[in-house]
Amino acid sequence: MERVSTIVQSQPAKFFVVAVVASFATLQAHALYTGIRTKSKKDKLNRELKELYREDFLLASGVDGGIVTEDGREASIASAITKGAAIASSIPLSVAAFDEGLIREQLARNYAFFGEEGMSKIRKATVVIVGCGGVGSWAAIMLARTGVFKLKLIDFDYVTLSSLNRHATATRADVGIPKTQSLKQAIANIVPWVEVEAYVELWNVENEKENGWLEGADWIVDAIDNISTKVDLLSYCHSKSLKVISSMGAGAKHDPSHIQSADISQTVADPLARSVRRRLRMHPGHPVLSGIPVVYSTEVPSSNDPKALGLLPLADEEFEKGAVHELAPFADFRVRILPVLGMLPAIFGMHIATYLVCELGG
């Protein structure tokens, strides 16, 4: 013990202990300094971003230093900025009204993926989405988030409570309003510089000739449920050399690993794709054999499965009411519905959006 005590009290041992304590203190001081410096940088960046958002909001609102309220009183800038999110969707704004630095910051991950040239093509693109339900709404919202310059949304239907298991943007507050309006409002809240035209209309050849909805489109998305309208749209686009991608059947499916894309002529195991392919070959206006990319699923329920899903039967009381076909929104639309697991249409829509932005961005 005396020898140990002597060693501990020796000069080299004392020096070693002091060195260890000093090193530890230095490390702690460095960590504290680094933390303070990092926090200072973050605070500075946050202040700069807030100032940019403030200037961006004032520029978009067309005011300088204050905002005049409806009763003529001037609101403070801070109050106006706080209320900015609530009123932004009601202000028609162009890309020029927004700070390009903020736009590029929001699209930073996309720029990292596609590069300057690719993103330039994407941000100049116009895409028309025909059918804004479970598939079309997800395609539209992801195209907008990626920075596509202009979207045209076409759908005659309205949001219902049963839409909420699969629609990309609809909430209970949207029930009863057109699906295209719900989408337009949501897009304005996320990427307000994207130009959106919303049409509460049924697409058909006659309406297209009158309105020219597809003119100038870089791509058209077919997310229509009704097979005859779907075939007419695909045939029309093919006859006009318009680029179109089509969604096949997402209903009654549950396995996302079977979802893929291919030319319409190469699809297998998808009943809707098979029917569309046959009708396109026989189309009286413009027959189509190939040249249309589609998203489809090869999932096939077992023929021995008693729980295999299909069109749901109508209740007996519906037949008792009389003309059952009058339940359909239009004469050639189906009355019965398919069960839909909401995630599958969403994946179909995002598959379409991914295909399009990769095509646009090279």
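What counts, and where the lines are drawn
Residues numbered from 1 in each chain as written. Predicted model: local features only at pLDDT ≥ 70, side-chain atom pairs only at ≥ 80, totals over all residues. Heavy atoms only, no water. Core = buried A, V, L, I, M, F, W, Y, C linked by side-chain atoms within 4.5 Å. Buried < 20%, exposed > 50% of the residue type's maximum accessible area, 1.4 Å probe, protein only. Helix = DSSP H or I, 4+ residues; strand = E, 2+ residues; numbered from the N terminus. Contact = heavy atoms within 4.5 Å. Expected span 1.5 Å × (residues − 1). Phe/Tyr/Trp six-rings, centres within 6.5 Å; stacked < 30°, edge-to-face > 60°. Lys NZ or Arg CZ within 6 Å of the ring centre and 35° of its normal. Pairing = 2+ DSSP bridges. Axes fitted to C-alpha atoms, helices over the stretch in contact; angles between N-to-C directions.

Novice: How would you explain the nonpolar core if you had to name every residue and give the values?
Specialist: Counting residues in hydrophobic clusters, the biggest one holds 42 residues, and the most contacted among them are Val-127, Ile-129, Leu-143 and Leu-151. Among the secondary structure elements, those contributing two or more residues to this core are helix H6 (108–123), strand E3 (126–130), helix H7 (134–146), strand E4 (150–154), helix H8 (179–190), strand E6 (219–222) and helix H13 (343–360). In terms of residue count, H13 provides more of this core than any other element does, 7 residues in total. What Ile-129 contacts, discounting residues up to four positions off in sequence, is Gly-136, Ala-140, Leu-143, Leu-151, Lys-152, Leu-153, Ile-154 and Val-221.

Novice: So what's going on with H13? Which residues, and what values?
Specialist: Taking 1.5 Å of rise per residue, 18 residues should cover 26 Å, and H13 covers 26 Å from first to last C-alpha, within 8% of that figure. Those residues of H13 that sit buried are Leu-344, Pro-345, Ala-346, Phe-348, Gly-349, Ile-352, Ala-353, Leu-356, Val-357 and Leu-360. Gly-362 lies just past H13 and shows a positive phi near 75 degrees.

Novice: How would you summarise unusual backbone geometry if you had to cite specific residues and measurements?
Specialist: For Ala-252, which is not a glycine, the phi torsion comes out positive at approximately 60 degrees. Within the secondary structure layout, Ala-252 lies in the loop between strand E7 (244–247) and strand E8 (259–263). Positive phi outside glycine occurs at Ala-269, with the angle close to 70 degrees. Mapping Ala-269 onto the fold places it in the loop between E8 and helix H11 (271–281).

Novice: Residues and numbers for the packing of aromatic side chains, please.
Specialist: Taken as a whole and assessed by the stated rule, the structure comprises 5 aromatic pairs. Residues Tyr-199 and Trp-213 carry aromatic rings whose centres are separated by 5.8 Å and whose planes lie at 50 degrees to one another, so their mutual orientation is tilted. Taken together, the positions of Tyr-199 in strand E5 (residues 195–199) and Trp-213 in the loop between helix H9 (205–211) and E6 put the pair 14 residues apart, joining distant regions of the chain. The class for Trp-213 is buried, based on a relative accessible area of 3%. Centroid distance Trp-219 to Tyr-355: 6.0 Å. Interplanar angle 85 degrees. Geometry classified as edge-to-face. Remark: Tyr-355 occurs in helix H13 and Trp-219 occurs in strand E6; sequence separation between them is 136 residues. Using a relative accessible area of 7% as the deciding quantity, one classes Trp-219 as buried. One Lys or Arg, Arg-104, reaches over the ring of Tyr-111 and ends 4.2 Å from the middle of that ring.

Novice: Explain the sheet that holds E5 to me, and be specific about the residues and the numbers.
Specialist: The mixed open sheet is built from 7 strands, whose spatial order is E5-E4-E3-E6-E7-E9-E8. The strands lining the two open edges of the sheet, one partner per strand, are E5 and E8. For this sheet the average axis-to-axis angle between neighbouring strands, irrespective of direction, equals 15 degrees. Relative to strand E9 (residues 293–297), E8 runs antiparallel, the two sharing 5 bridges. The residue bridging Ser-261 from the neighbouring strand is Val-295, located in E9. Most of the contacts of helix H10 (residues 227–239) go to E7, to which it runs at about 160 degrees, and overall it touches E3, E6 and E7.

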